[in-house]
There are 2 protein chains.
Amino acid sequence: MSDFLTSQNEDFSKWYNEIVQKAELADYSPVRGCMVIRPYGYTLWERIRDELDRRFKETGHVNAYFPLFIPMSFLQKEAEHVEGFAPELAVVTHGGGKELEEPLVVRPTSETIIGHMYAKWIQSYRDLPLLINQWANVVRWEMRTRLFLRTTEFLWQEGHTAHATHDEAREETLRMLDVYTDFAVNEAAIPVIPGRKSDAEKFAGAVTSYTIEAMMRDGKALQSGTSHFLGQNFAKAFDIQFLDENNTLQHAWTTSWGVSTRMVGAVVMTHGDDQGLVLPPRLAPIQAVIVPIWRKNRQRAEVLEAAEKLSRRLQGRVRIKLDDREGFSPGWKYNDWEMRGVPLRLEFGPRDIANEQVMVARRDVPGREGKTILPLAGLEETIPALLAEVQAAIYQKALDFRESHTWDVKTAGEFQEAVQHGFARAWWAGDSEDEARLKDETKATIRCIPLEQPGGSGDCFYTGREATEVAIFGRAY
Amino acid sequence: MSDFLTSQNEDFSKWYNEIVQKAELADYSPVRGCMVIRPYGYTLWERIRDELDRRFKETGHVNAYFPLFIPMSFLQKEAEHVEGFAPELAVVTHGGGKELEEPLVVRPTSETIIGHMYAKWIQSYRDLPLLINQWANVVRWEMRTRLFLRTTEFLWQEGHTAHATHDEAREETLRMLDVYTDFAVNEAAIPVIPGRKSDAEKFAGAVTSYTIEAMMRDGKALQSGTSHFLGQNFAKAFDIQFLDENNTLQHAWTTSWGVSTRMVGAVVMTHGDDQGLVLPPRLAPIQAVIVPIWRKNRQRAEVLEAAEKLSRRLQGRVRIKLDDREGFSPGWKYNDWEMRGVPLRLEFGPRDIANEQVMVARRDVPGREGKTILPLAGLEETIPALLAEVQAAIYQKALDFRESHTWDVKTAGEFQEAVQHGFARAWWAGDSEDEARLKDETKATIRCIPLEQPGGSGDCFYTGREATEVAIFGRAY
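Residues numbered from 1 in each chain as written. Chains lettered and ligands numbered in written order. Predicted model: local features only at pLDDT ≥ 70, side-chain atom pairs only at ≥ 80, totals over all residues.

Colleague: I tried to follow the overall build of chain A on my own but got confused; where do I start?
Modeller: If you tally the helices and strands in chain A, you get 14 helices and 25 strands. On C-alpha atoms alone, chain A measures out to a radius of gyration of 25 Å, which is about the 23 Å that the 2.2 N^0.38 rule sets for 477 residues. Based on the C-alpha atoms only, the size of chain A along its principal axes is roughly 80 × 60 × 45 Å. Going through the 477 residues of chain A one by one, you find that 50% of them count as buried. Across chain A, every contact between residues at least 6 apart in sequence was considered, and the portion connecting residues at least 24 apart equals 68%. (Helix = DSSP H or I, 4+ residues; strand = E, 2+ residues; numbered from the N terminus. Rg over C-alpha atoms; globule rule 2.2 N^0.38 Å. Buried ≥ 20, exposed ≤ 12 C-beta atoms within 10 Å, placed from the backbone. Contact = placed C-beta atoms within 7 Å.)

The following block contains the structure:
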């Protein structure tokens, strides 16, 4: 396929742009920085959305919808927030043929407008906790854009919750980080490191930001979801107050958390290879494709009929597709579905029919090794079992890759070497200025301070000061 | 409840605004003309979305996502289209702190940007039909807004398809009108009249527009979904061309069709009464609510435990809620859930437990008549069966209402009288000017020319000319 797709080693970035378009996940649009999510990519997003949404509802959240437009004055109510987002805003100045009295911002995130509504809805401790999520589009004017990873408009969910106490809000922040971790690991097969963001990298307006960080196949980091403890910052800016059980007026404690269409990019760059996409079965729009094979034209009808029967048997258990396109050879179809990352390919011809079997090829194991002959009898169980096996295998492969590309470093030299190829893990006692200097020198940043810590203390590799925490460093998308 | 909710007869419009807010379906936002869809209203929308989406997929459509922003020049490529939408546009003039070279329009509908992409994707007859739907927000700068019915921003789905022939595109247009009719009748329990729009009322840029028209409880019409045959208008404006089987370059034939959050308003105004919402069981976020009853505090634990058991038994079969809130009397809860339109209320106290029964009250039949005692045994079947009965009953009630508020009219006087209270049905042979004059005189418009026609001909009630079609007239939202 080398004439068809740039190899990852040759130019990972080029590989990514090519495969996203060739596999028809997304396309460039005529609007600067905005992408079109094509049906195959959108179906992947629908799977991500449904699995996240199920988890949100299981943890007591409900969905709602807030306006796309936010009055400019709202953003200015939280000082850090407006400072962080001002350079990225798209502004509506005209509506219905007239200039607006106050310009409207196209939401870059919705803390402010939701904060305004929460102030109206929350009166008493009985109204708390308020646990709302929104699925929406947001706009951030980005200078350098990449399909799915950084686009001017993107789709996401943003959870916004309000609580009576500091501790409850902190708990919620970490609960949702947990939900994200669970989703990434068990659905997207992406091993992620849940951790805290450094002050330099936290959300504009948050007290503490948490993240799940993933490693892509080029060793770079991708922030794949964030959960923010907002303290009383937004409650104070928007007067979200309630009467507590003692009839005392208190400010609420709020959180926000989000995962976006960037997750599609994470899936592509965590599992893909030089043949194209490798999709985790749990999220794959098509889990198994049947490619019917015939040599002679008189075999055609018999094979197609048997293939249709096979397809019907698996429907409802597996997201199955029968590729009955005319005018394409089986070999061409193999390559096509391989490129599109379909986890299992069922090759089905006259000999298979005669022997009551089917040849199954795993996308994640190339060549002969990935091929198995399965009896037709019991396929309703063996195919789902094999899909579960593939899901586990690609998770393990990604985890092995990350572990073999993560180095414990003690010196600046080791650090430099590590972040060329992957993550550096090191004791850290620097401040924001140290981090900024480190970034200038190495292009690497603190990806997170993992929740899981070794304990004890050690020497900060950069400042030499005593450190009580280990951080993960890398170059990031 | 009269002190609580304005009655429909007193002021229907006020009743509507009050119930939408009191039932927490939606709230006003600080942004002019934009609403907040609250969790209860959004869950109703999710049910609408899921049921429509299922039907779209069953008819071969896939979802995708196109940019929110459209270059102003795109709208100008189709003359009628830009003329129709220009007065309603919201315009982004600044992005990332700079003035844009070309202003971007916030999409009022997406024919133009999708047309541009289709031109890129469609090369050959093999690429057709292209059957794509999008779930999205759109913005139309409205002067007078009403929650759900007419808001500056609203949520909808917009289907956009391209076909090789005129006939296929016409078929698709009518197929989707059929899907909408099926949804309205069988899910929303709204009897709708599928028909053609008059030239004066058709979509800007369409050859023919079709609609499903519903009658609200005040006798006014609500356009509840539209399907447009666009001919080659957009294909020519955006160069959507393909090589046909004879290798000749042809323009494609396109359609578009949409249903919006307005459908929530249709549900409210078709079924609601002076006690509040009446939700069709198929769409109701909560289908049955259990209200536990105890007189003495020592009964509380026993009743709650039995109620929880009952709730668990029905879970998965019915969208059930146990109202175990403290500090509210059963009577207060009855009124509360009645107002929120929950189809069935299960009243459950010590005597019911002893008798292994439950008192079930139907929301759609007020007072004693709507109450039945059901044995606990078999409730997993009897409750779903009763819900189906309620669904059928409220459909029939709405249909009866429409039929008793529709009059065949032969004179201007009869027409005037009819459109005060409901629909007028009449032979029509007028043109757009006649229709405009009629609207000035009576505030009524042609809601549709029903697909189902009596045949033959008659005298147009307005022009006296011979007419071959009957039209439905009404005052509209």
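Moving on, there is more to tell.
Colleague: How should I be thinking about the pairing of strand E17 (residues 344-348) of chain A in this particular structure?
Modeller: Moving residue by residue along a regular strand, the side chains alternate between the two faces of the sheet. All names here are of chain A. E17 sits mainly inside the fold: four of its five residues count as buried. Looking at chain direction, strand E15 (residues 288-292) and E17 are connected through five bridges and run parallel. Bridge pairing links Ile290 to Leu346 in E17. (Pairing = 2+ DSSP bridges.)

Colleague: Just checking my understanding: could you explain the interface of chain B and chain A for this structure?
Modeller: You'll often see interface size given as the accessible area lost when the parts meet. Taken together, the contacts link 41 residues of chain B with 41 residues of chain A. Broken down by element, the side of chain B that touches chain A gets its largest block of residues, six residues, from strand E5 (residues 90-95) of chain B. Taken together, the residues that form the side of chain B that touches chain A break down as 26 nonpolar, ten polar and five charged. Both strand E5 (residues 90-95) of chain A and E5 of chain B contribute to a ladder of five bridges, which runs antiparallel. When the bridges of E5 of chain B are listed, Gly95 of chain A appears paired with Ala90 of chain B. (Nonpolar A, V, L, I, M, F, W, Y, C, P; charged D, E, K, R; others polar.)

Colleague: Teacher, can you tell me more about the nonpolar core here?
Modeller: Side chains that are nonpolar tend, in soluble globular proteins, to be buried together. Ala426 and Phe473 of chain A together with Ala426 and Phe473 of chain B are the most contacted members of the largest nonpolar core, which has 289 residues in total. Setting aside residues no more than four positions away along its own chain, Phe473 of chain B makes contact with Phe415, Val419, Phe423, Ala424, Ala426, Ala444, Thr445, Ile446 and Arg447 of chain B. (Core = buried A, V, L, I, M, F, W, Y, C linked by C-beta atoms within 7 Å.)

Colleague: Teacher, can you tell me more about the packing of helix H2 (residues 39-58) of chain A against helix H6 (residues 166-186) of chain A here?
Modeller: Each pair of packed helices can be summarised by the angle the axes make with each other and by the distance between the axes. Residue and element names in this part refer to chain A. Where H2 meets H6, the closest approach of the two axes is 10 Å, and the angle between their N-to-C directions is 145 degrees. H6 is crossed by H2, and the crossing has right-handed handedness. Contacts between H2 and H6 pair Glu51, Leu52 and Arg55 from the former with Val179, Asp182 and Phe183 from the latter. Looking at the contact of H2 with H6, its residues break down into three nonpolar, no polar and three charged. (Axes fitted to C-alpha atoms, helices over the stretch in contact; angles between N-to-C directions. Left-handed = near helix turned anticlockwise from the far one by under 90°.)

Colleague: Just to check I follow, could you spell out the relation of the copies chain B and chain A for this structure?
Modeller: Each of the two copies of the chain can be brought onto the other by a rotation about an axis and a shift along it. Superposition record for chain B on chain A: RMSD 0.0 Å, screw rotation 180 degrees, translation along axis 0.0 Å. Classification of the inter-copy transformation places it as that of a two-fold axis. Looking at the rotation axis and the C-alpha trace of chain B, the residue lying nearest is Val92 of chain B, at 2.1 Å. Most of the interface of chain B is mirrored in chain A: 100% of its interface residues are interface residues there too. (Least-squares fit on C-alpha atoms with pLDDT ≥ 70 in both.)

Colleague: Please explain the sheet that holds strand E7 (residues 130-139) of chain B as it appears in this structure.
Modeller: Residue and element names in this part refer to chain B. The eleven strands are arranged E3-E7-E8-E14-E11-E10-E9-E22-E25-E21-E20 in an open sheet whose pairing can be described as mixed. The sheet is open, and its two borders are formed by strand E3 (62-63) and strand E20 (406-408), each paired with just one other strand. One ladder, built from two bridges, connects strand E9 (residues 192-196) with strand E22 (residues 445-450); its direction is antiparallel. Residue Arg196 lies in a different strand from E22, and its bridge partner there is Ile449. The strands touched by helix H2 (residues 39-58) within the sheet are E7, strand E8 (153-163) and strand E14 (253-260), with E8 carrying the most contacts at an inclination of about 5 degrees.

Colleague: Looking at this model, I keep getting lost on the domain arrangement of chain A. Mind explaining?
Modeller: Residue and element names in this part refer to chain A. What the domain assignment lists for chain A is domain 1 (12-271), domain 2 (288-386) and domain 3 (406-474). For domain 1 versus domain 3, the separation of C-alpha centres amounts to 27 Å. Taken residue by residue, the interface counts 15 residues in domain 1 and 15 residues in domain 3. For the side of domain 1 that touches domain 3, the secondary structure elements donating two or more residues are strand E9 (192-196) and strand E10 (208-215). Among the elements that make up the side of domain 1 that touches domain 3, the one with the highest residue count is E9 (four residues). (Domains from an automatic or database assignment.)

Colleague: Sorry, what's going on with the environment of Phe74 of chain B here?
Modeller: All names here are of chain B. Within the secondary structure, Phe74 is located in helix H3 (residues 72-75). A residue is classified by how many C-beta atoms lie within 10 Å of it, and Phe74, with 23 of them, is buried. Sequence separation between Phe74 and Ile113 is 39 residues, and the spatial gap between their C-alpha atoms is 7.1 Å. Once you skip the residues sitting within four places of it in the chain, Phe74 turns out to touch Thr112, Ile113 and His116.

Colleague: Would you explain unusual backbone geometry in this entry?
Modeller: The phi angle of most residues is negative, glycine excepted, and most peptide bonds adopt the trans form. At the junction of Leu128 of chain A and Pro129 of chain A, the peptide bond is cis and its omega measures out at -5 degrees in the coordinates. Residue position: Pro129 of chain A is located in the loop between helix H5 (111-121) and strand E7 (130-139). Even without being a glycine, Phe148 of chain A presents a positive backbone phi close to 70 degrees. Tracing the sequence through the fold places Phe148 of chain A in the loop between E7 and strand E8 (153-163). Positioned with a positive phi, Glu356 of chain B is a non-glycine residue whose angle comes to about 50 degrees. With respect to the secondary-structure elements, Glu356 of chain B resides in the loop between helix H11 (350-355) and strand E18 (357-362).

Colleague: Is there a simple way to explain the pairing of E10 of chain A in this structure?
Modeller: Residue and element names in this part refer to chain A. Most of E10 is tucked away: seven of the eight residues are buried. Sheet topology note: the E9/E10 ladder contains five bridges and is antiparallel. Looking across to E10, one finds that Ile193 is bridged to Glu213. Here eight bridges tie E10 to strand E11 (residues 221-229), and the two strands are oriented antiparallel to one another.

Colleague: For this particular structure, what's the right way to read the sheet that holds strand E22 (residues 445-450) of chain A?
Modeller: In any sheet, the strands associate via hydrogen bonds between backbone groups, in a parallel or an antiparallel arrangement. All names here are of chain A. With mixed pairing, eleven strands are arranged side by side in an open sheet as E3-E7-E8-E14-E11-E10-E9-E22-E25-E21-E20. Pairing within the sheet leaves two strands with one partner each, and these edge strands are strand E3 (62-63) and strand E20 (406-408). Looking at chain direction, E20 and strand E21 (residues 423-428) are connected through three bridges and run parallel. The partner of Trp407 across the bridge, within E21, is Ala424. Across the face of the sheet, H5 comes into contact with E7, E8 and strand E14 (253-260) while running at roughly 30 degrees to E8.

Colleague: Would you explain helix H6 (residues 166-186) of chain B in this entry?
Modeller: The periodicity of an α-helix, 3.6 residues per turn, causes residues three or four places apart in sequence to face the same way. Residues and elements named next belong to chain B. Counted at 1.5 Å a residue, the expected span for H6 with its 21 residues is 30 Å, and the 30 Å between its end C-alpha atoms agrees. When we look at burial in H6, the residues that qualify are Ala169, Glu172, Thr173, Met176, Leu177, Val179, Tyr180, Phe183 and Ala184. For H6, the angular spread of buried residues about the axis comes to 150 degrees, placing them on one side. Where H6 is buried, its residues contact H2, E8, E9, strand E10 (208-215), strand E11 (221-229) and E14. (Expected span 1.5 Å × (residues − 1). Arc of directions from axis to C-beta.)

Colleague: So what exactly am I meant to see when it comes to the environment of Tyr180 of chain B here?
Modeller: Summarising the element assignment, Tyr180 of chain B is placed in helix H6. Setting aside residues no more than four positions away along its own chain, Tyr180 of chain B makes contact with Ile212, Gly225, Ser227 and Val259 of chain B.

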